[in-house]
Amino acid sequence: MNSSTLDSLPQGRKHPKGLYLLFFTELWERYSYYGMRALLVLYLTTAFVSGGLGVEPAQALSIYGIYTGAVYFTPIFGGWLTDRYIGLRRAITIGGITMACGDFTIFLTHSQIGLYIGLALLVIGNGFFKPNISTLVGELYPRNDKRKDAAFTIFYMGINLGAFFAPLIAGFLAEDLFLRPLADGTMHYGFKWAFLASSLGMIIGQLIFSVFSKRYLGMVGLKPNKQLAEENNENQNMPLSPKDKQRTRAILILACFVVFFWAGFEQAGSSFTLYTKNFIDREVFGYTIPVAWFQSVNPLFIIILAPILSGVWLKLSHSKRGDLNMTTKMAIGMILLGLGFMILIPAVLQTGSDEQNIVTRANIMFIIFTYLFHTLGELFLSPVGLSLVSKVAPVKIASLLMGVWMAAIGVASLLAGQLASLTATLGYLEIFATIGATAIILGLILLAISKKLVLMMKEENAVR
C-alpha cells in the first residue's frame, strides 16, 4: 500500500476511522459464528421432538470439530482468490452474503441435510470473509507501524463484542423465549429462531460495511494484490527472496504452536459445554443459567481486558526498553492456557466424569476462572498473531498467508473435536490434565526459541 493512499484515509485520534468500521463489520460476523458455536452441540444432541436433531454426543462433538475446523481451512482458498482476482472488500461482501444464506437455510429446515447445507454455506462464506477483513486491518497502517498491535487488539474487541452477545441472545431465544411445552409435556426448544437472528446479524453487518466503506476506507482493499503489483510495475511472478522465505518459515513454525493453543481453547464449545451442562452448579439466586450463556464469559473478559492490554502494548512500544517481542507474548499465552486447564482439575476430582451417576456438582467459579485464564492467554496470542502476519508476510502473498494462519486454527478445531470426544471414554480428568500440561510445556519451548524466531522475521526495521 503506497503512502499517498494511506494519507487519504480519515484519521481518528490514534487510529484510522476505517478501523472502527471493520470493528463493527467483524462484530456481526462473529455474532453469527459464536451463536452457532454456542448452540451447535446442544442442537445436535437435543431430541428431534424437542427441536433438535437427536444425534449421539460423540457424533455431535465430531461434527462440531469438523465444522469449526472447516471454517478455518477455506480461508486459504479465499485468500488466494482475493490476492489474484477479487480484492479485499469485494471478498468480504461475498463472504458476508454467503454466510447470511447459510444461517437462513438452517432456520428454514429441521433436518441433518438442511443443517449440512447451511454449515457448508457458512464454511464457504467464512473463507472469503475471515482472512480478508484481518488483512484489511493491517492495510490501514504502514508495514512496521508501532500502532498495529494495539489496532489488532481493538479489532479483537469487535470480534468479542459479537461473541459476547451471540450466546446470550441465542441461548435466550432457544432456551427461554421460544421454549414451550408440547401437548405431551415435552419441552420444545427454539433453536431455529436463534439461527434466524444470526442471519439477520450478518445482513446488518454487510449493510454497515457497504454504506460506509467508501467514506472510511477510501481506495484501500479495492484492487487485488496482483493488479496493484502490475500497476506498480512489479513482477508478481517473481520468486520470493531468501528473506521472504525465511519470514514465511517463521510464520509456519509459529502456526504449529498455534494449532495446539486453539485445540485447547476450542474445548469451550465442546467438552466444556457438556461438562458445564452436567457437572457445574448453574443455579444462581434461584435461576438456572442457560448453558449457552457460558460462551459469553470469554468475550466478556476480553471486552474488559482488551483495552487494558492495548494500552499496555502502546505504552511499552514508546518506552525506552520497548514492547515485548511478539513471540514472547505468544509463549506467555500458551502457558496461561495450560494454567486454565489446571484450575479445572480440582473440580473434576470432585465431580468425576460419569454423567449417569452425578453425585455432586462443582462450584461455578471453577469454570469462570478457567475462562479468565484462557482469555488472558488468547489476548497474548491471537491478536498479536494477526498483527505479526500482517507485518511479516511478504506483500504479494499476504492474504494467502493469513489464510494459512487461519488454517492452523482449522487443524486445531479438528483436533479439539477429537480430544473432546475422548472424554466419553477416557474421562475429563485425563483429557484436561493432558492438554494443560502440554500447553505449558510448548509455551516454555516457544519462549526458549523466541529470539531465534525474531531474528528470522527481521527486515530493515526490526519486528518485535
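- Looking at an unreviewed UniProt entry, one finds the protein named Peptide MFS transporter and attributed to Rossellomorea oryzaecorticis.
- In UniProt, the protein has this text filed under Sequence similarities (unreviewed entry): "Belongs to the major facilitator superfamily. Proton-dependent oligopeptide transporter (POT/PTR) (TC 2.A.17) family."

**Concerning the overall build of the protein**
Turning to step 1, where the next piece is worked out: The helix and strand tally for the protein stands at 18 helices and four strands.
Turning to step 2, where the next piece is worked out: Seen along its three principal axes, the alpha-carbon backbone of the protein occupies a region of about 70 × 45 × 40 Å.
Turning to step 3, where the next piece is worked out: The 464 residues of the protein split such that 58% are buried.
Turning to step 4, where the next piece is worked out: Sequence-distant contacts, at least 24 apart, represent 83% of the contacts inside the protein between residues at least 6 apart.
Turning to step 5, where the next piece is worked out: Per element, the accessible surface of the protein, about 18,700 Å² overall, is 66% carbon and sulfur.
Turning to step 6, where the next piece is worked out: One way to put it: in the protein the 36 positive side-chain charges average out to a point 11 Å from where the 26 negative ones average out.

**Description of the pattern of salt bridges**
Turning to step 1, where the next piece is worked out: What the rule picks out here adds up to five salt bridges.
Turning to step 2, where the next piece is worked out: In this structure, Glu29 engages Arg30 in a salt bridge whose closest nitrogen and oxygen atoms are separated by 2.6 Å.
Turning to step 3, where the next piece is worked out: The exposure class of Glu29 is buried, given its relative accessible area of 1%.
Turning to step 4, where the next piece is worked out: Under the relative-accessibility criterion, Arg30 is labelled buried at 2%.

**Points about helix H18 (residues 450–457)**
Turning to step 1, where the next piece is worked out: Within the sequence span of H18, burial applies to Ser450, Leu453, Val454, Met456 and Met457. The buried side chains of H18 occupy one side of the element, clustering within an arc of 160° when seen end-on. The exposed residues of H18 that point more than 90 degrees off its buried face are Lys451, Lys452 and Leu455.
Turning to step 2, where the next piece is worked out: Those residues of H18 that are buried are in contact with helix H10 (242–265), helix H13 (326–351), helix H14 (364–392) and helix H17 (428–448).

**Things to note about the packing of helix H7 (residues 148–177) against helix H8 (residues 191–217)**
Turning to step 1, where the next piece is worked out: Where H7 meets H8, the closest approach of the two axes is 7 Å, and the angle between their N-to-C directions is 150°. When the axis of H7 is compared with that of H8, the two are roughly antiparallel. You can see that H7 and H8 cross each other, and the crossing is right-handed. Here Ala170, Leu173 and Ala174 of H7 lie close against H8, whose contacting residues are Phe191, Trp193, Ala194 and Ala197.
Turning to step 2, where the next piece is worked out: Taken together, the residues of the contact of H7 with H8 break down into seven nonpolar, no polar and no charged.

**Concerning empty space enclosed by the protein**
Turning to step 1, where the next piece is worked out: A full pass over the atoms with the stated rule returns four cavities of 30 Å³ or more.
Turning to step 2, where the next piece is worked out: In this structure, the largest cavity encloses a volume near 210 Å³.
Turning to step 3, where the next piece is worked out: Within the residue set of the lining of the largest cavity, elements represented by two or more residues are helix H2 (18–45), helix H6 (112–139), H7, H10, H14 and helix H15 (398–421).
Turning to step 4, where the next piece is worked out: If you tally residues by element for the lining of the largest cavity, the top one is H14, at four residues.
Turning to step 5, where the next piece is worked out: Around the second largest cavity sit Glu29, Ser32, Tyr33, Tyr67, Val71, Met99, Leu122 and Asn126, which together line it.
Turning to step 6, where the next piece is worked out: Elements that contribute at least two residues to the lining of the second largest cavity include exactly H2 and H6.

**Regarding the packing of aromatic side chains**
Turning to step 1, where the next piece is worked out: Counting across every chain of the model gives 27 aromatic pairs.
Turning to step 2, where the next piece is worked out: For the ring pair Phe261 and Phe265, a centre distance of 6.0 Å and an interplane angle of 15° mean the geometry is stacked. Of this pair, Phe261 and Phe265 both sit in helix H10, four residues apart, which is roughly one turn of the helix.
Turning to step 3, where the next piece is worked out: By the ring-pair criterion, three or more aromatic residues cluster together here, those being Phe272, Tyr275, Phe279, Phe341, Tyr371, Tyr428 and Phe432.
Turning to step 4, where the next piece is worked out: Seen from the ring of Trp193, Lys192 lies directly overhead, with NZ or CZ sitting 5.1 Å from the centre.

**Some thoughts on unusual backbone geometry**
Turning to step 1, where the next piece is worked out: One non-glycine residue with positive phi stands out, namely Phe285, at about 50°.
Turning to step 2, where the next piece is worked out: Position of Phe285 relative to the elements: it lies in the loop between strand S3 (283–284) and strand S4 (287–288).
Turning to step 3, where the next piece is worked out: On the accessibility criterion, Phe285 (89% relative accessible area) is exposed.

What counts, and where the lines are drawn
Residues numbered from 1 in each chain as written. Predicted model: local features only at pLDDT ≥ 70, side-chain atom pairs only at ≥ 80, totals over all residues. Heavy atoms only, no water. UniProt positions renumbered as here; feature names shortened; annotations may be inferred. Helix = DSSP H or I, 4+ residues; strand = E, 2+ residues; numbered from the N terminus. Buried < 20%, exposed > 50% of the residue type's maximum accessible area, 1.4 Å probe, protein only. Contact = heavy atoms within 4.5 Å. Areas by Shrake-Rupley, 256 points an atom, 1.4 Å probe, with all protein chains shown as cover. Lys, Arg positive; Asp, Glu negative; His and termini not counted. Charge placed at Lys NZ, Arg CZ, Asp CG, Glu CD. Salt bridge = Lys/Arg side-chain N within 4 Å of Asp/Glu carboxyl O. Arc of directions from axis to C-beta. Axes fitted to C-alpha atoms, helices over the stretch in contact; angles between N-to-C directions. Parallel < 35°, antiparallel > 145°, perpendicular 65-115°, else oblique. Left-handed = near helix turned anticlockwise from the far one by under 90°. Nonpolar A, V, L, I, M, F, W, Y, C, P; charged D, E, K, R; others polar. 1 Å grid on protein atoms, 1.4 Å probe; cavity = no way out; pocket = protein on both sides within 12 Å on 5 of 7 lines; lining within 4 Å. Points joined across faces, edges and corners; volume = space filled by probe spheres on them. Phe/Tyr/Trp six-rings, centres within 6.5 Å; stacked < 30°, edge-to-face > 60°. Lys NZ or Arg CZ within 6 Å of the ring centre and 35° of its normal.

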